[in-house]
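# Analysis of the macromolecular model
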Amino acid sequence: MFRLSYAILFLLIFVSCKEGKEETEKNSSPRIRKNTSIEQPSQNQIFVRGSAINVSVATNEEFPIDSIVVSVDEKTYTFKANSFQLTIPDRRVGTRRLVTKAYSGDKSETHFRKVVILPENAPEELTYQIKNTYPHETDDYTQGLLVKDGILYESTGQRGSSALKKKNLTTGETLKVVNLAADLFGEGLATINDEFYQLTWTSGRGFVYNADMEQIRTFNYQVEGWGLATLGDQLVMTDETEKLYFVDPASFTIQRELEVFDNTGKIDALNELEVIDGLIYANVYQEDFIVVVDPETGEVLKKIDFTGILSKEEAQSADVLNGIAYDADSGRIYITGKWWPKLFEVTFQPKPI
């Protein structure tokens, strides 16, 4: 009983000291009250590209403002009034971060706001025309697709059946297979400098193959791996969000990011990619359309509707549209999907009103 009483007393003292310590720590870091505040714009306020953004900074008598400096990306703008208009000169769409710094004598206060810039025009609406149809293996869960020297290369997904495949484009015959480890889920595929780059979904690991499809090295990345394509001397990558990542193929470091927006908002779940005539064509996961994106601004310029390209019977055993391949030598464009029975050669035309 004596020992138990001492144990209880020790516990009460310990809890009391712990509570006191926590209370002291909480009170030692009070929230800093600022003399200024941002009245306009509101957080995540939407603006059409090229329109003026009204900026208004409120202050009190203790902090008369001498000047206000607004930074957008790496550019800065200085204003002498508390309220003014700012126009972002470049044409990039998506989320932009405004850093507003108010100066009073040798003092300053900084505020942060995000605004959303939308393109001023809706994307052009297109549909497809089928030029040719070729067989496609229904066991292939298409994640990456490309044509090189008239040969079709495909990266397939699903753990335990992921692979890199070389195929006869017109017959669908598999000419060579490189299987991935059973715990890996194959994703996007691209070719650059006569090498093939293959992503995996959640492992953060990718593989590089030579022209004979022999694995020659690996690389790592921090985001999920979805789509992959080649743009000039860079690779472009998606990760399920609205972002495009422009990557150095030698180090696989991200050199810049770009958000994809149309005139209504962001286009997320960007998936398999292809670059055609300098524009990025992107599948949108679980949608029957492909968006065509300006790689400098992130604006969706065109939207291609593939509704009905599979018959109702074919669609019952197939999964979603995913897979765009461009044969630069012939100018032909091919599309397919996950577990689809067909590979389609297509052209695009305006969608009937």
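Quick note: structure is the one above.
Residues numbered from 1 in each chain as written. Predicted model: local features only at pLDDT ≥ 70, side-chain atom pairs only at ≥ 80, totals over all residues. Heavy atoms only, no water.

### Topic: the packing of aromatic side chains
By convention here, two paired aromatic rings are described through the distance between centres and the angle between planes. All told, the structure shown has 15 aromatic pairs when counted by the stated rule. When the centroid spacing of 5.0 Å and the interplanar angle of 65° are considered together, the rings of Phe-185 and Trp-201 count as edge-to-face. Remark: Trp-201 occurs in the loop between β15 (195-200) and β16 (205-209) and Phe-185 occurs in the loop between β13 (174-179) and β14 (186-192); sequence separation between them is 16 residues. Residue Phe-185 is classed as buried on the basis of its relative accessible area of 9%. The partly exposed category is assigned to Trp-201, whose relative accessible area is 28%. The interplanar angle of 85° and the centroid separation of 5.6 Å between the aromatic rings of Trp-226 and Tyr-285 together place this pair among those described as edge-to-face. (Phe/Tyr/Trp six-rings, centres within 6.5 Å; stacked < 30°, edge-to-face > 60°. Helix = DSSP H or I, 4+ residues; strand = E, 2+ residues; numbered from the N terminus. Buried < 20%, exposed > 50% of the residue type's maximum accessible area, 1.4 Å probe, protein only.)

### Some details on the sheet that holds strand β1 (residues 37-40)
Read across the open sheet, the three strands follow the order β1-β3-β6; overall the sheet is antiparallel. Every other strand in the sheet has two partners, leaving β1 and β6 (83-86) as the edge strands with one partner each. On average, adjacent strands in this sheet sit at an angle of 30° to one another, irrespective of strand direction. As paired strands, strand β3 (residues 53-58) and β6 are joined by four bridges and run antiparallel to one another. Bridge pairing in β6 places Asn-54 opposite Gln-85. (Pairing = 2+ DSSP bridges. Axes fitted to C-alpha atoms, helices over the stretch in contact; angles between N-to-C directions.)

### Observations regarding the sheet that holds β16
Taken together, four strands build an open sheet; the order of strands is β14-β15-β16-β17 and the sheet is antiparallel. Looking along the sheet, the strands with just one partner apiece sit at the ends: β14 and β17 (215-220). Between one strand and the next, the sheet's axes are offset by a mean angle of 20°, whatever the strand orientation. Looking at chain direction, β14 and β15 are connected through five bridges and run antiparallel. Paired with Thr-191 across the bridge in β15 is Phe-196.

### Some details on the layout of surface pockets
Roughly 380 Å³ of volume is contained in the largest pocket. Around the largest pocket, the lining is made up of 22 residues, and of these Val-147, Thr-191, Glu-274, Tyr-326 and Ala-328 lie nearest the centre. Going through the elements one at a time, β10 (142-148), β14, β18 (228-231), β24 (270-276) and β28 (321-327) are the ones with two or more residues in the lining of the largest pocket. When the residues that make up the lining of the largest pocket are grouped by side-chain class, the tally is twelve nonpolar, three polar and seven charged. In this structure, the second largest pocket encloses a volume near 170 Å³. If you trace the second largest pocket, you find it lined by Asp-73, Thr-95, Arg-96, Arg-97, Lys-114, Lys-243 and Glu-259. Classifying every residue of the lining of the second largest pocket by side-chain character gives no nonpolar, one polar and six charged. (1 Å grid on protein atoms, 1.4 Å probe; cavity = no way out; pocket = protein on both sides within 12 Å on 5 of 7 lines; lining within 4 Å. Points joined across faces, edges and corners; volume = space filled by probe spheres on them. Nonpolar A, V, L, I, M, F, W, Y, C, P; charged D, E, K, R; others polar.)

### Structural notes on empty space enclosed by the protein
In total, this model carries two cavities of 30 Å³ or more according to the counting rule given. There is about 80 Å³ of room inside the largest cavity. Lining the largest cavity we find Phe-47, Val-48, Arg-49, Gly-50, Ser-51, Ile-53, Thr-87, Ile-88, Asp-90, Arg-92, Arg-96 and Ile-117. Looking at the lining of the largest cavity residue by residue, the classes come out as five nonpolar, three polar and four charged. Size it by volume and the second largest cavity reaches roughly 40 Å³. Considering the residues around the second largest cavity, the lining is formed by Pro-135, His-136, Glu-137, Leu-152, Lys-167, Asn-168, Leu-169, Gly-172 and Leu-343. Classifying every residue of the lining of the second largest cavity by side-chain character gives four nonpolar, three polar and two charged.

### Here's the deal with the nonpolar core
Residues Phe-306, Ile-309, Ile-335 and Trp-340 are the most contacted members of the largest nonpolar core, which totals 19 residues. Those elements giving two or more residues to this core turn out to be β9 (124-135), β26 (289-293), β28, β29 (332-337) and β30 (342-350). Ranked by residue count, the leading element in this core is β28, at three residues. In contact with Ile-309, other than residues within four places in its own chain, are Tyr-128, Ile-130, Ile-335, Trp-340, Phe-344 and Val-346. (Core = buried A, V, L, I, M, F, W, Y, C linked by side-chain atoms within 4.5 Å. Contact = heavy atoms within 4.5 Å.)

None of the figures reported here should be taken as evidence of function without further support.
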